[in-house]
Amino acid sequence: MLAVARAERWPLRRAVGVTLVAGLAHVLSTVLLGLGLGLLGWRLSAQFSHLARGAAPALLVLIGVLYALSGPGHAHPDPAPTRPRGRVVLGLAATMFLAPCLEIQTFFLAAGTHGPAALALLMGVYLLASVSAMCALVALAHRGLGRLNLDGLAHHERRLTGAVLVLVGLAGFFVDW
């Protein structure tokens, strides 16, 4: 987002506004996919309640390990900045909509085993955390904190995400949500 904002010479307000639109598109697709998985988890939990308590945390641990071992982090491609403004915004939003966060889907499945309230809570927390973090990072970088070199952190993104999945999965064995 920041690269496009700089190429288009957008002021801070426009850069954060476009990030908000693209972030909401990303969260929408993630939540739609997660809602389906969460409802599946809820239905399975009702039928197999004795298995669901151990299966969801075990699935989180397994997916976390597999995800951590799946390779380095990723980078989102920036669209060409030569397009008109409306097309740039639409292109960014469409790109983010078509790239839902797959890493969090196991959380939706696990939350679904605890019912609609847990699923709704996860959706709300994910929306607030994701969009506010995206906007805050773009705002900070736009203001000059882009001098920080976080490429090394992005390179280890999958390992960090995998570790979080494993920790949440392990917590699921000991905590009755």
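First things first, this report covers the structure right here in the doc. (Residues numbered from 1 in each chain as written. Predicted model: local features only at pLDDT ≥ 70, side-chain atom pairs only at ≥ 80, totals over all residues. Heavy atoms only, no water.)

## Structural notes on the overall build of the protein chain
Selection rule: The secondary structure listing takes helices from DSSP runs of H or I that are at least 4 residues long and strands from runs of E that are at least 2 residues long, numbered from the N terminus. A simple rule labels every residue: compare its accessible area, found with a 1.4 Å probe on the protein chains alone, to the largest value its type can have, and call it buried under 20%, exposed over 50%, or partly exposed in between. Contact criterion: two residues are considered in contact whenever any of their non-hydrogen atoms come within 4.5 Å of each other. Only the protein chains shown count as covering a residue, and every accessible area follows the Shrake-Rupley method with a 1.4 Å probe.
A tally of regular secondary structure across the protein chain gives eight helices and zero strands. Reading the secondary structure of the protein chain in the N-to-C direction produces α-α-α-α-α-α-α-α. Of all 177 residues assigned to the protein chain, the portion counted as buried reaches 34%. In the protein chain, 89% of the contacts between residues at least 6 apart in sequence involve partners at least 24 apart. A total accessible area of about 10600 Å² is found for the protein chain, and carbon and sulfur atoms account for 71% of it.

## A word on helix α6 (residues 116–142)
The cut-off we apply is this: What a helix is expected to span follows from its residue count: subtract one and scale by 1.5 Å.
For α6, which comprises 27 residues, the first-to-last C-alpha distance of 38 Å matches the rise-based estimate of 39 Å (1.5 Å per residue) to within 8%. Within α6, the full set of buried residues consists of Leu119, Leu122, Met123, Tyr126, Ser130, Val131, Cys135, Val138 and Ala141. Phi turns positive one or two residues past the end of α6, at Gly144, with a value near 120°.

## Remarks on the packing of aromatic side chains
Definition in use: Aromatic contacts are taken between Phe, Tyr and Trp rings whose centres are within 6.5 Å, Trp giving its six-membered ring; a plane angle under 30 degrees counts as stacked, one over 60 as edge-to-face, and the others as tilted. Charge over a ring is defined by NZ of Lys or CZ of Arg lying within 6 Å of the ring centre and within 35 degrees of the ring normal.
All chains considered together, the criterion is met by zero aromatic pairs. Over the aromatic face of Trp10 sits the side chain of Arg14, whose NZ or CZ is 5.1 Å from the ring centroid.

## So, the environment of Val168
Structurally, Val168 is set in helix α8 (residues 157–174). Accessibility expressed as a relative area gives 25% for Val168, which makes it partly exposed. Separated by 61 residues in the primary sequence, Val168 and Phe107 have C-alpha atoms spaced 8.8 Å apart.

## Some points on a nonpolar patch on the surface
Note the threshold: The patch calculation keeps residues exceeding 30% relative accessible area without a salt bridge and links them within 9 Å when they carry like charges or within 5 Å when they are nonpolar (Val, Leu, Ile, Met, Phe, Trp, Tyr). Counted as salt bridges are all cases of a side-chain nitrogen of Lys or Arg within 4 Å of a carboxyl oxygen of Asp or Glu.
Residues Leu28, Leu32, Phe97 and Leu98 make up a contiguous nonpolar surface patch of about 410 Å² in total accessible area. With respect to the helices and strands, Phe97 occurs in helix α4 (residues 85–97). Residue class for Phe97 comes out partly exposed when judged on its relative accessible area of 33%.

## Observations regarding the nonpolar core
So the rule is basically this: What makes a nonpolar core is a set of buried Ala, Val, Leu, Ile, Met, Phe, Trp, Tyr and Cys residues whose side-chain atoms join them at distances within 4.5 Å.
Counting 14 residues, the largest nonpolar core has Val31, Ile104, Phe108, Leu122 and Tyr126 as the members making the most contacts within it. Secondary structure elements with two or more residues in this core: α2 (12–47), α5 (105–112) and α6. A per-element tally of this core places α6 first, with six residues. Phe108 has contacts with Thr30, Val31, Gly34, Leu35, Leu37, Gly38, Leu119, Leu122 and Met123, leaving out every residue within four places of it along the chain.

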